[in-house]
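Observations on the three-dimensional arrangement
Here's the letter readout for the chains.
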Amino acid sequence: MRVSVIGAGLGGLCLAQGLRGAGIGVDVYERDAAITARFQGYRLVLNPTGFEALHGCLPERWHPLLDAIVDDTTVERLILDPRLNKIGELGPPRSGLVVDRHVLRHLLLTGLDVHTGAGLTGYDVLSDGANGEAPKVQAHFAQGESATADLLVGADGVNSAVRTVLTPQTIPTDTGVRFVIGRTPLTEQFQGLSRAWGAKIAGDGVSLLLGAMHFRIPPKQAAAELAPEVTLPDTGDYVRWAMILPPNGSLGEQTPQEAVLSRIEGWHPDLRALIEQADPDNSTLLSIRVVEPRDRWAPGPVTLLGDAIHATSPTGGNGANTALRDADVLRRSLIQADGGGRGLLDAVGDYERQMLEYGAEAVRQSLEALPAYVGKPKQAA
Ligand SMILES: Cc1cc2nc3c(=O)[nH]c(=O)nc-3n(C[C@H](O)[C@H](O)[C@H](O)COP(=O)(O)OP(=O)(O)OC[C@H]3O[C@@H](n4cnc5c(N)ncnc54)[C@H](O)[C@@H]3O)c2cc1C
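A brief report on the enclosed structure follows.

The rules behind the values
- Residues numbered from 1 in each chain as written.
- Predicted model: local features only at pLDDT ≥ 70, side-chain atom pairs only at ≥ 80, totals over all residues.
- Heavy atoms only, no water.
- Pairing = 2+ DSSP bridges.
- Helix = DSSP H or I, 4+ residues; strand = E, 2+ residues; numbered from the N terminus.
- Axes fitted to C-alpha atoms, helices over the stretch in contact; angles between N-to-C directions.
- Phe/Tyr/Trp six-rings, centres within 6.5 Å; stacked < 30°, edge-to-face > 60°.
- Buried < 20%, exposed > 50% of the residue type's maximum accessible area, 1.4 Å probe, protein only.
- Near = heavy atom within 4 Å.
- Polar contact = N/O pair within 3.5 Å; in protein donor to acceptor, adjacent residues only side chain to side chain.
- Areas by Shrake-Rupley, 256 points an atom, 1.4 Å probe, with all protein chains shown as cover.
- Nonpolar A, V, L, I, M, F, W, Y, C, P; charged D, E, K, R; others polar.

Another point: the sheet that holds strand 11 (residues 146-149). Strands sit in the order 9-10-11 across an open sheet of three strands; the sheet is antiparallel. At either margin of the open sheet sits one strand with a lone partner, and together these are strand 9 (120-126) and strand 11. Put simply, the sheet's adjacent strands are angled 20 degrees from each other on average, direction ignored. Two strands pair when backbone bridges link them, and strand 10 (residues 136-141) and strand 11 are joined in this way by four bridges, in the antiparallel orientation. Each residue of the ladder has a partner; that of A139, found in strand 11, is A147.

Laid out in structure tokens, this is it:
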């Protein structure tokens, strides 16, 4: 069996690792010219399902390294005013495992054949062979190349090109929520902000969300000690900050840092210093769009995984976890098909039935969590 995975995000890479480990041929095609081409280095909170899925897809010899690059976290989830006084609670304390997306992605890339600069533009399902063989699928890429496989997996994120062909009626919905996200090295000066990790700092029409990424062992060192064939980036501890802007907010001519600073005049000096000292190459404006899975498409050698079919609001903290779960569920089904225990289309159908159900639920939960984070509209003067 040969599988083409479109998109080298967390979901696609996790699936590719799982298939590689099972001896199934897999190629990954990524539109970006390089893996580090854009800001993607925020921290993620993994739940037990996502973490288990990662364990399932990665070779056992890397499990100690995976365990070393995550850190336990428990946060209080307070609502604070701009001077850091408690004014409420967002909900009960939350615990989980935090991991840096960029570091995890490097682990997931190890040993894979990833074709970069390969943006999928479309695909054709090749009709059944004369002797009734299962149909194959040919993917087409922007540079004019094509690739044929038994299964094409669209793991190409919220704007999925695969989805637009497979299920054109499934389109992203813009929630209108915009946020600026960035990161700042976690120096001694910011240790005093620890009460605000996981908190919402509620300002005038905006809210600032902070979270700490602390590595128990620097990831590069952890790889050198625990799995020398893996090269991880030299990433240090940092604070991830995100400012949710008023509805449909934009930055105008401002840089992300300037935009945040202009909205936090008079805030606690450590909060201002946090933004002032941010890494300028690691901040950006993002919009929250969701994809709600609708009806299932006709069975065939093409399927979808992750944000491509169930993009959640980041405030749900479940998008990556669900993408990793997809990878593990699909991996298990494909291993059965590869071993001759069932047909490929039957295996893919089984994955799709499960994924569409829990994927829709993940989107619903994330949308339910969104209003708690969105700032109240600014009072008219
Ligand atoms: C700020 C922020 C914080 C978050 N925090 C959490 C969290 O704490 N917990 C959690 O579970 N989730 C979190 N999420 C959500 C999570 O990051 C996503 O759900 C997850 O990364 C989706 O993975 P994916 O592999 O499906 O898609 P992506 O990571 O979007 O990867 C898709 C890949 O496909 C490539 N691609 C796109 N189009 C094409 C094409 N035509 N051809 C080839 N390649 C293509 C893209 O370049 C990209 O590399 C957060 C998201 C954000 C933005």
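Let's pick the thread back up.
Here the focus is the packing of aromatic side chains. By the definition in use, this model includes one aromatic pair. Considering the side-chain rings of Y29 and F141, the 4.4 Å spacing of their centres and the 25 degrees angle between planes classify their relative orientation as stacked. Taken together, the residues Y29 in strand 2 (residues 25-29) and F141 in strand 10 connect sequence positions 112 residues apart. Taken individually, Y29 and F141 each receive the classification buried, so the pair is uniform in this respect.

Here we take up the site of the ligand. The ligand sits among 35 residues. The nearest are E30, V45, R101, L120 and D307. Between the ligand and the protein, one listed contact pairs an oxygen atom with a side-chain N or O atom of E30 at 2.6 Å. For the ligand, an oxygen atom lies 3.0 Å from a polar atom in the backbone of N321. For the ligand, whose unbound accessible area comes to 1,000 Å², protein coverage reaches 90%. Looking at which element gives the most residues to the shell around the ligand, the answer is helix 10 (residues 319-338), with four residues. Here the shell around the ligand is built from residues that sort into 17 nonpolar, 10 polar and eight charged.

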